[in-house]
Amino acid sequence: MFLVDAEPALRLPTTLPSDVLLAALRAAGEETRLRILALLSEGELSVSDLTDILGQSQPRISRHLKLLAEAGLVRRSREGAWAFFRLDETGAGGAFAASLATWLDRSDPVLTADRERLAAVRGTRAEAAQAYFASVARDWDRLRSLHVPDEAVEAAVEAAVGKGSPGSLLDLGTGTGRMLQRIAPKFGRAVGVDANHAMLAVARANLEAAGLARVELRQGDIYALPFPRGSFDLVVIHQVLHFLDDPGRAVREAAAMLAPGGRLIVVDFAPHEMEFLRTEHAHRRLGFSRAQIAGWFAESGLACDLSEEITLAGGGSGQLPVMLWRGCDRRVQSDPMPRRTNLEVA
């Protein structure tokens, strides 16, 4: 069942304290827990995901995860009624778990079946999200009435972009094309990407009506974008991350699209407790903290120079607080985009 064939994603320290190593070995030395570590090496999963994949009860899976977390092999993130787990990349235990995963023979029948069920679970979720997007494509803007008005959000993004450049813009999860309508004229080239045909059809009609028919629209996967690395001067991810299984991966992929000195702007919700958005509107995440997005920026080689809540001049922000983050590529020193002490919009 074991085969050394690759280097671990998280490098194992040269030495480990005996108590840490013993705890890690005890936790990992059980079939189901080893299968869980192999699955988590593929990315973050919820308890519900693991019960579907492994065909075991939720209490049983939860007990296994508790033991793995106590040993420092996995890390839990709780969001309302849901819990997500991933290998703990912050410590030696996570690196040890990543090494174990690389030693497993990927042709093992049990592990192969687990990966197939993982793909099926992810496929089902993707289909549900796509069906949701298709059902609301023509009504998408109305569903944003819970937060500060779109006009205020778009104005804040424009302010963070500044004057733009003759360079290129990439809008990820472009939806109905609203953000492209506002900022595409500032750039020599503008491209919008969305995974859903229905959304792209609406965006295309909206852009044509706005006289922006030359804006490129592409169907694509936010985790595997169909462009060469370093192709864009600005990348925007507007109200997309909360729909994703692995938002950190999407941020890393977006950062890889930046040319030296480029900028990445993310707009999304701050942490909240509106569980109905998960069940009724396909939200996977209930918002993001300032530190979480800034941390993903840092991992991607970006410096976060702006992290602010978008509010109206009177202080209102709606039921759902909306945040804007801006990350700057560190590879060159360029003239900064305009700084603001807040993102208050009249």
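Here the structure is a predicted model, which is why all the values come from computation and not from measurement.

Novice: When you look at the overall build of the protein in this model, what are you seeing that I'm missing?
Specialist: The secondary structure content of the protein amounts to 12 helices and 11 strands. Residues classed as buried in the protein amount to 50% of the 346 residues present. Of the contacts made within the protein by residues no fewer than 6 positions apart, 70% connect residues no fewer than 24 positions apart. Carbon and sulfur atoms make up 53% of the accessible area of the protein, which amounts to about 15700 Å² in all.

Novice: Help me out: how do you make sense of the packing of helix H2 (residues 31-40) against helix H4 (residues 58-70) in this one?
Specialist: Between two packed helices, the angle of one axis relative to the other and the distance separating the axes together describe the packing. Closest axis-to-axis distance for the H2/H4 pair is 10 Å, and the angle between their directions is 75°. The orientation of H2 relative to H4 falls into the category roughly perpendicular. Residues Thr32, Arg33, Ile36 and Leu37 of H2 form the contact with H4, whose participating residues are Ile61, His64, Leu65, Leu67 and Leu68. Broken down by class, the residue content of the contact of H2 with H4 amounts to six nonpolar, two polar and one charged.

Novice: I would appreciate a short explanation of the pattern of salt bridges in the present structure.
Specialist: Once the charged atoms of two side chains with opposite charge are near each other, the side chains can pair. This model, assessed by the stated rule, comprises 17 salt bridges. With a closest N to O distance of 3.2 Å, Glu42 and Arg106 form a salt bridge. With a gap of 64 residues between them, Glu42 in the loop between H2 and strand S1 (45-46) and Arg106 in the loop between helix H5 (92-103) and helix H6 (109-136) connect regions that are remote in the sequence. The exposure class assigned to Arg106 is partly exposed, which follows from its relative accessible area of 45%. Arg284 is paired through a salt bridge with Asp49; the nearest N and O atoms lie 3.6 Å apart. Here Arg284 is found in the loop between helix H11 (276-281) and helix H12 (290-299), whereas its partner Asp49 is found in helix H3 (residues 47-54), with 235 residues between them in sequence. For the residue pair Arg284 and Asp49, the accessibility class agrees, reading buried in each case. Within this structure, Glu151, Glu154, Glu158, Arg178 and Arg182 form a network of salt bridges that share partners.

Novice: Would you mind showing me how to read unusual backbone geometry here?
Specialist: Note: most peptide bonds trans; most residues except glycine with negative phi. If you check the backbone angles, Gln239 has positive phi at about 55° while not being a glycine. Its location among the elements puts Gln239 in the loop between strand S7 (232-238) and helix H10 (247-256).

Novice: When you look at helix H9 (residues 197-209) in this model, what are you seeing that I'm missing?
Specialist: Because the α-helix completes a turn every 3.6 residues, residues three or four places apart line up on one side. Here H9 is 13 residues long and its end C-alpha atoms lie 18 Å apart, about the 18 Å a rise of 1.5 Å per residue gives. Backbone nitrogen of Met199 and a side-chain oxygen of the N-cap are separated by 3.0 Å at the start of H9; the cap is Asn196. Positive backbone phi, approximately 75°, marks Gly211, located one or two places after H9.

Novice: Would you mind going over the side chain of Gln56 with me for this structure?
Specialist: By secondary structure assignment, the location of Gln56 is in the loop between H3 and H4. At a separation of 2.7 Å, a polar atom in the side chain of Gln56 contacts the side chain of Arg60. Those residues within four positions of Gln56 in sequence are excluded, and the remaining contacts are Thr32, Arg35, Thr51, Ile61 and His64.

Novice: Sorry if this is basic, but what is going on with the side chain of Asp245 here?
Specialist: Take Asp245: it is sitting in the loop between S7 and H10. Among the polar contacts listed, one links the side chain of Asp245 to the side chain of Arg284, at a separation of 2.7 Å.

Novice: Help me understand the packing of aromatic side chains, please; the structure alone is not making it clear to me.
Specialist: Any pair of aromatic rings gets described here by the distance separating the centres and the angle formed by the planes. Scanning all chains against the criterion turns up two aromatic pairs. Pairing Phe288 with Trp296 gives two aromatic rings, centres 5.9 Å apart and planes at 65°, and the pair type is edge-to-face. Residue Phe288 is classed as buried on the basis of its relative accessible area, which comes to 1%. Judged by relative accessible area, Trp296 falls into the buried class, the value being 13%. Above the face of the Phe84 ring, Arg285 is positioned so that its terminal group lies 4.6 Å from the ring centre.

Novice: How should H12 be read in this particular structure?
Specialist: Considered for burial, the residues of H12 that qualify are Ile293, Trp296 and Phe297. Seen end-on, H12 carries its buried residues on one side only, within an arc spanning 105°. Along H12, the residues that are exposed and aim more than 90 degrees away from the buried face are Ala291 and Glu299. Lining the buried residues of H12 we find H10, strand S8 (258-269), strand S9 (302-312) and strand S10 (322-329). The first or second residue beyond H12 is Gly301, which carries a positive phi of 80°.

Novice: Which parts of the structure should I look at to understand the pairing of strand S4 (residues 165-172)?
Specialist: A regular strand carries its side chains on alternate faces of the sheet. For S4, the tally of buried residues reaches six of eight residues, placing the bulk of the element in the interior. Alignment of S4 against strand S5 (residues 187-194), held across six bridges, turns out to be parallel. Paired with Asp171 across the two strands is Gly192, which belongs to S5. As for the winding sense of the linkage, the β-α-β connection from S4 through helix H8 (residues 178-183) to S5 is right-handed. Alignment of S4 against S7, held across four bridges, turns out to be parallel.

Novice: I tried to follow a nonpolar patch on the surface on my own but got confused; where do I start?
Specialist: A grouping of Leu21, Leu22 and Leu25 is seen on the molecular surface, where their side chains present a nonpolar patch of about 240 Å² in accessible area. Among the structural elements, Leu25 can be located in helix H1 (residues 18-28).

The rules we used
Residues numbered from 1 in each chain as written. Predicted model: local features only at pLDDT ≥ 70, side-chain atom pairs only at ≥ 80, totals over all residues. Heavy atoms only, no water. Helix = DSSP H or I, 4+ residues; strand = E, 2+ residues; numbered from the N terminus. Buried < 20%, exposed > 50% of the residue type's maximum accessible area, 1.4 Å probe, protein only. Contact = heavy atoms within 4.5 Å. Areas by Shrake-Rupley, 256 points an atom, 1.4 Å probe, with all protein chains shown as cover. Axes fitted to C-alpha atoms, helices over the stretch in contact; angles between N-to-C directions. Parallel < 35°, antiparallel > 145°, perpendicular 65-115°, else oblique. Nonpolar A, V, L, I, M, F, W, Y, C, P; charged D, E, K, R; others polar. Salt bridge = Lys/Arg side-chain N within 4 Å of Asp/Glu carboxyl O. Expected span 1.5 Å × (residues − 1). Polar contact = N/O pair within 3.5 Å; in protein donor to acceptor, adjacent residues only side chain to side chain. Phe/Tyr/Trp six-rings, centres within 6.5 Å; stacked < 30°, edge-to-face > 60°. Lys NZ or Arg CZ within 6 Å of the ring centre and 35° of its normal. Arc of directions from axis to C-beta. Pairing = 2+ DSSP bridges. Right-handed = clockwise from strand over helix to strand, strands pointing away. Patch = residues over 30% accessible without salt bridge, like charges linked within 9 Å, V, L, I, M, F, W, Y side chains within 5 Å.

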